[in-house]
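The chain contents come next:
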Amino acid sequence: EKNHNGRVYPRNVLEREVEKYQQIIRERRALGELDHPDSSVINLKNVCHNVTECHWEGDTVVGTIEILTTPSGNIARDLIKNNIRIGISSRGLGSVRQMNENTVEVQDDFELLCFDLVSSPSTRGAFVSPSPMNEGINRGQVIASIDPKDINKYLKIENIIRDILSEVR
């Protein structure tokens, strides 16, 4: 499905990258930053979480992250404690192919680098939710997922916004 950035990720590419990412998770190196930086390098000064688990549920990649006690992690934890919705977004490198005027397809050379916490995720409904099993933010565990029931709601909202913007122009 096309995301807000106009990108389409082929399932086989994502499956391959999620599988490769399992080794990074096992090695406790699946670190992410608070906001996407301009660089592809994961800067340890800005790390806020570690992905502890990642898997497929139907057509959705879901996972669990551990909020770290770093300066950026503390900011993320406080935002979550204050009921601020934080998104999660993959960061990667690779080429794209133009499909049409507003859509590009990520190509086979895509490499998943990490998942960052962001204010506006490009994937519809990709928001962080405290885990009910571990008392969530108190233990630093957070589940990042897209609730399939919410996808249609986000699509409807997005279409309404596009209709309004097209009328304004």
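What this report covers is the structure whose coordinates are included nearby. Predicted model only: the values in this text are computed from it and were never measured. (Residues numbered from 1 in each chain as written. Predicted model: local features only at pLDDT ≥ 70, side-chain atom pairs only at ≥ 80, totals over all residues. Heavy atoms only, no water.)

1. Comments concerning the overall build of the protein
Rules: A run of DSSP states H or I qualifies as a helix once it reaches four residues; a run of E qualifies as a strand once it reaches two. Both are numbered from the N-terminal end. We call a residue buried when its accessible area falls under 20% of the maximum for its residue type, exposed when it is over 50%, and partly exposed in between, using a 1.4 Å probe and counting protein chains only. In what follows, residue pairs with any heavy atoms lying within 4.5 Å of each other are defined as contacts. Here the Shrake-Rupley method, with its probe set to 1.4 Å, supplies the accessible areas, and only the displayed protein chains count as covering residues.
Counting its regular elements, the protein contains 3 helices and 10 strands. Counting from the amino terminus, helix and strand elements in the protein follow one another as β-α-β-β-β-α-β-β-β-β-β-β-α. Burial analysis of the protein (169 residues in total) assigns 40% to the buried set. Intrachain contacts of the protein at a sequence separation of at least 6 include 57% that bridge at least 24 residues. By element, 50% of the accessible surface of the protein is carried by carbon and sulfur atoms, the whole surface being about 10200 Å².

2. Side note on the sheet that holds strand β1 (residues 7–8)
Note: strands within a sheet are paired through backbone hydrogen bonds, in either parallel or antiparallel orientation. Here is the rule: Pairing between strands is defined by DSSP: at least two bridges between the two strands are required.
Taken together, the 3 strands give an open sheet; going across it, the order is β1-β7-β6, and neighbouring strands pair in mixed fashion. A strand with exactly one partner marks an edge of an open sheet, and here the two such strands are β1 and β6 (96–100). As paired strands, β1 and strand β7 (residues 103–106) are joined by 2 bridges and run parallel to one another. Note that in β7 the partner of V8 across the bridge is E105.

3. Considerations on helix α1 (residues 11–26)
Definition in use: Multiply 1.5 Å by the residue count of a helix minus one, and that product is the helix's expected span.
The end-to-end C-alpha distance of α1 is 23 Å, a good match for the 22 Å that 16 residues give at a rise of 1.5 Å each. Looking at α1, one finds that the buried residues are V13, E17, V18, Y21, Q22 and I25. Next to the buried residues of α1 lie β3 (47–57), β4 (60–67) and β8 (111–118).

4. Structural notes on the packing of aromatic side chains
Test applied: Classification of ring pairs uses Phe, Tyr and Trp, with its six-membered ring standing for Trp, and accepts pairs whose centres are within 6.5 Å; under 30 degrees between planes counts as stacked, over 60 as edge-to-face, and the remaining range as tilted. By the criterion adopted, a ring carries a charge over it if an Arg CZ or a Lys NZ lies within 6 Å of its centre and within 35 degrees of its normal.
Within the structure shown, the criterion is met by 2 aromatic pairs. Their ring planes at 80 degrees and their centres at 5.5 Å tell us that Y21 and F115 sit as a pair that is edge-to-face. You can see Y21 sitting in helix α1 and its partner F115 sitting in strand β8, a full 94 residues away along the chain. F115 matches Y21 in its accessibility class, with the two residues each being buried. Positioned over the ring face of W56 is R11, at 4.1 Å from the centre of the ring. Across from the ring centre of F127, 3.9 Å away, lies the NZ or CZ of R85, which sits over that ring.

5. As for the environment of T69
Tracing the sequence through the fold places T69 in the loop between β4 and α2 (71–81). The class of T69 is exposed, set by a relative accessible area of 68%. Distance in space between the C-alpha atoms of T69 and C48 is 7.5 Å, their sequence separation being 21 residues. Ignoring anything within four residues of it in the chain, the contact list for T69 reads N74 and R77.

6. Regarding the pattern of salt bridges
The line we're drawing: Salt bridges are identified by distance alone: a Lys or Arg side-chain nitrogen within 4 Å of an Asp or Glu carboxyl oxygen.
Under the definition given, this model contains 11 salt bridges. For E17, the salt bridge identified is with K20, shortest N-O distance 3.2 Å. Of this pair, E17 and K20 both sit in helix α1, 3 residues apart, roughly one helical turn. With a relative accessible area of 2%, E17 lands in the buried category. By relative accessible area, K20 is classed as partly exposed at 47%. Note that R91 is salt-bridged to E33, the shortest N-O span being 3.2 Å. In this pair, R91 is assigned in strand β5 (residues 87–93) and E33 in strand β2 (residues 31–33), connecting sequence segments 58 residues apart. Salt bridges linked by common partners bring R16, E17, K20 and D108 together as one network.

7. Remarks on a nonpolar patch on the surface
Our working definition: Like charges are joined within 9 Å and nonpolar side chains (Val, Leu, Ile, Met, Phe, Trp, Tyr) within 5 Å, but only among residues with over 30% relative accessible area and no salt bridge; these make up the patches.
Together, I75, L79 and I84 make up a nonpolar patch on the protein surface, roughly 240 Å² of accessible area in all. Relative to the assigned elements, L79 resides in helix α2. Its relative accessible area of 31% is what places L79 among the partly exposed residues.

Scope: geometric values only; no functional claims are made or implied.
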